[in-house]
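What the coordinates show
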Amino acid sequence: MIRIANGQGFWGDWLDAPVHLVEQGPIDYLTLDYLAEVTMSILQKQKQADPKLGYARDFPPLMALLAARLKQRNIRVIANAGGVNPQACAAQVLALAPELKVAIVTGDDMYPRLDDLLSRGIELRNMDTDEPLSTVRPAVTSANAYLGAFPIAEALSTGADVIITGRCADAALALAPMIHQFCWRPSDVDLLCAGTIAGHIIECGSQCTGGNSQVDWQTMADPANIGYPLIEASPDGVCIVTKHPGTGGAVNRHTVIEQMLYEIGDPRAYFTPDCVADFTSVQIEDAGLDRVRISGAKGAAAPAQLKASISYHAGWKAQGSLVYCWPSALEKAYAADRIVRGRLARLELQFEEIYSEFVGFNSCHGPAAPLTEDPPEVMLRIGARGSSRQDVDRFTRELIPLVLSGPPGATGYGEGRPAVREVIAYWPALLPREEITPQVEVLS
């Protein structure tokens, strides 16, 4: 049996969680999941501006903080903190914690190869719309294939203390130690499905230990000290989901099932680079306090295609708010909304959408709804999105003037004019597996 813990569900998760997992009880592997789809675009832009960037910068200082305890307790770390620049991430880890042996897994970054792929007829069609990527090619900001667990397991076989990857399937971070430790092969389909489902359960951190839970959230024990998850994995594929004793939150069938249903699409066919897992085949049983047993997983062999996560520039957006107070707070907010929309119409600006919310009462895409109440305060929150940065920027200049030229009693404008932000859209696609060649490298 091996213990695999996950201390990050996204870049920005609780900084203390990995430290607590190392300090509060025995684990063999610590996984850290930093990457969301839009994160890849942000990292790609950082790398283009500075070749030494493009990774999760929280990670190297964390490894420096934990290095002595990782070595002392023989804990190995697997993280996708490499983003689009695993080499630079690894170099920084070694600079801060030279006692650690570091390996990287690369090969997922397709961005430099896009034109070659398209020229050879690999259209990278959008999985939702069936449009070819060529329709947005000039706007693409990042492109990465999801790697599986076997390259990570290969990296573990080098004896490295820390494995750093780029984009990989989230569950692969936890599946890889099982493949490495138990010598599972690509033909061990049901075992791979079992490990994938267990990895999926812990990939979002405390979301399976009571965080973000619809069940009993009001009475959840000590949420300020919530325990992050770990799985006790066995060679036969049976896994126990649990957390360290004495930590907050809860692990039970309800919390585990909620996470199992998160972002899975068809529960009978959850596609990953390593297998196609059938979530409906799994038996989920309470096995004691804060312990849930997962068994019986079935599924199919790895698909012939890999999924690609592609992002592209899709225009600009801005939003701002004003608060109106009693009397006639809601009526004032409606009037302010009409004034802003009227001024924008006279300027003949072009937007894909203007959206207004009257917080706590109602929202609308079009003209304001009739007055129904007279509450103490109402926040008007209004946003615009469009392809022209200039037009969106002009929108931001039409809200704050209402402080003096609009209805009386406006407040909440201390931050001034809203910022214009880029809209990054997601483009999911498939490509032949043979187009992607993962590589493992040990750095020292």
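Up top is the structure.
These remarks concern the structure in this document. (Residues numbered from 1 in each chain as written. Predicted model: local features only at pLDDT ≥ 70, side-chain atom pairs only at ≥ 80, totals over all residues. Heavy atoms only, no water.)

This paragraph deals with the layout of surface pockets. Here the largest pocket is characterised by a volume of approximately 910 Å³. Every residue lining the largest pocket is counted, 37 residues in all, and those nearest its centre are Tyr146, Asp170, Glu263, Tyr270 and Lys307. The dominant element in the lining of the largest pocket, judged by the number of residues it contributes, is strand E14 (residues 305-325), at 3 residues. Tallied by class, the residues present in the lining of the largest pocket amount to 19 nonpolar, 9 polar and 9 charged. When its volume is computed, the second largest pocket comes out at roughly 520 Å³. Lining of the second largest pocket is provided by 24 residues; of these, Ala318, Gln319, Gly320, Ile382 and Pro418 occupy positions nearest its centre. (1 Å grid on protein atoms, 1.4 Å probe; cavity = no way out; pocket = protein on both sides within 12 Å on 5 of 7 lines; lining within 4 Å. Points joined across faces, edges and corners; volume = space filled by probe spheres on them. Helix = DSSP H or I, 4+ residues; strand = E, 2+ residues; numbered from the N terminus. Nonpolar A, V, L, I, M, F, W, Y, C, P; charged D, E, K, R; others polar.)

All told, the structure shown has 2 cavities of 30 Å³ or more when counted by the stated rule. There is about 50 Å³ of room inside the largest cavity. What lines the largest cavity is simply Trp14, Ala17, His20, Leu21, Gln24, Ile226, Gly227, Tyr228, Lys243, His244 and Thr247. Of the residues in the lining of the largest cavity, the class split is 5 nonpolar, 5 polar and 1 charged. Put simply, the second largest cavity is a space of about 30 Å³. Lining the second largest cavity are Asn6, Thr31, Asp33, Asp170, Leu173, Ala174, Gly199, Ile202 and Glu203. Looking at the lining of the second largest cavity, the elements with two or more residues in it are helix H7 (172-182) and helix H8 (189-202). Taken together, the residues of the lining of the second largest cavity break down into 3 nonpolar, 3 polar and 3 charged.

Quick look at the packing of aromatic side chains now. Following the criterion strictly, the structure yields 7 aromatic pairs and no others. With a centroid separation of 5.8 Å and an interplanar angle of 80 degrees, the aromatic rings of tyrosine 312 and tryptophan 427 are classed as edge-to-face. Separated by 115 residues along the polypeptide, tyrosine 312 in strand E14 and tryptophan 427 in strand E19 (residues 421-432) bring together distant segments of the chain. Residue classification places tyrosine 312 among the buried residues on the basis of a relative accessible area of 17%. Judged by relative accessible area, which is 1%, tryptophan 427 ranks as buried. Stacked on the ring of tryptophan 316, the Lys or Arg arginine 389 has its end atom at 4.5 Å from the ring centre. (Phe/Tyr/Trp six-rings, centres within 6.5 Å; stacked < 30°, edge-to-face > 60°. Buried < 20%, exposed > 50% of the residue type's maximum accessible area, 1.4 Å probe, protein only. Lys NZ or Arg CZ within 6 Å of the ring centre and 35° of its normal.)

Once that is clear, we can look at the environment of glycine 265. Locating glycine 265 in the fold gives a position in the loop between helix H9 (253-260) and strand E9 (270-271). Take glycine 265: its relative accessible area is 64%, and that puts it in the exposed class. As a C-alpha pair, glycine 265 and asparagine 225 span 40 residues in sequence and 32 Å in three-dimensional space.

Another point: the nonpolar core. Met110, Met178 and Leu431 are the most contacted members of the largest nonpolar core, which has 71 residues in total. Those residues in contact with methionine 178 that sit more than four places away from it in its chain are Ile2, Ile4, Cys183, Trp184, Gly195, Ala198, Ile231, Ala233 and Cys239. Ala56, Leu94, Ile104 and Ile164 belong to the second-largest nonpolar core, a separate cluster that totals 40 residues. (Core = buried A, V, L, I, M, F, W, Y, C linked by side-chain atoms within 4.5 Å. Contact = heavy atoms within 4.5 Å.)

Reading across the sheet, the 10 strands line up as E11-E12-E8-E7-E1-E2-E3-E6-E4-E20 and stay open at both edges, with mixed pairing between neighbours. In this open sheet, the two strands that pair with only one neighbour each are strand E11 (283-286) and strand E20 (439-443). Neighbour-to-neighbour, the strand axes of the sheet open up by a mean angle of 20 degrees, direction not taken into account. As judged from the 3 bridges shared by strand E1 (residues 2-6) and strand E2 (residues 29-32), these two strands associate in the parallel manner. Considered in E2, the bridge of isoleucine 4 is made with tyrosine 29. (Pairing = 2+ DSSP bridges. Axes fitted to C-alpha atoms, helices over the stretch in contact; angles between N-to-C directions.)

Overall, antiparallel pairing links the 3 strands, which are arranged E9-E10-E13 in an open sheet. Looking along the sheet, the strands with just one partner apiece sit at the ends: E9 and strand E13 (298-301). Those strands touched by H8 are E9, strand E10 (275-278) and E13, and its axis lies near 115 degrees from that of E13.

Before going further, it helps to examine the environment of glycine 409. With respect to the helices and strands, the residue glycine 409 is situated in the loop between helix H12 (402-405) and strand E18 (410-411). Relative accessible area serves as the criterion here: at 34%, glycine 409 is assigned to the partly exposed category. Not counting residues within four places of it along the chain, the set of residues in contact with glycine 409 comprises Val323, Tyr324 and Cys325.

Since the α-helix packs 3.6 residues into each turn, any two residues three or four apart lie on the same face. Every buried residue belonging to helix H11 (residues 389-396) is among Asp391, Val392, Phe395 and Thr396, and all of these are buried. Seen along its axis, H11 keeps its buried residues to an arc of 150 degrees; they face one direction. Taken together, the buried residues of H11 touch E14, helix H10 (329-347) and strand E17 (377-386). (Arc of directions from axis to C-beta.)

Position of arginine 167 among the secondary structure elements: in the loop between strand E6 (162-165) and H7. The buried category is assigned to arginine 167, whose relative accessible area is 1%. Within the structure, the side chain of arginine 167 is placed 2.8 Å from the side chain of aspartate 170, a separation counted as a polar contact. Among all residues touching arginine 167, those that are not within four sequence positions of it are Leu35, Ala36, Glu37, Met40, Asn80, Gly83, Asp108, Asn144, Ala145, Tyr146 and Leu147. (Polar contact = N/O pair within 3.5 Å; in protein donor to acceptor, adjacent residues only side chain to side chain.)

Tracing the backbone shows asparagine 85 in the loop between strand E3 (76-79) and helix H4 (86-96). Setting aside anything within four residues of it in sequence, one finds asparagine 85 in contact with Lys47, Pro51, Lys52, Leu53, Gly54 and Tyr55.

The subject of this paragraph is the pattern of salt bridges. A side chain of one charge can pair with a side chain of the opposite charge if their charged atoms are brought near each other. Using the criterion set out here, one finds 22 salt bridges in the structure. Between arginine 397 and aspartate 393 there is a salt bridge, with its nearest N and O atoms 3.1 Å apart. On the basis of relative accessibility, which here comes to 24%, the residue aspartate 393 falls in the partly exposed class. When salt bridges with common partners are traced through the structure, they connect Arg113, Asp116, Arg120 and Glu435 into a single cluster. (Salt bridge = Lys/Arg side-chain N within 4 Å of Asp/Glu carboxyl O.)

Read these as spatial facts, not as claims about activity.
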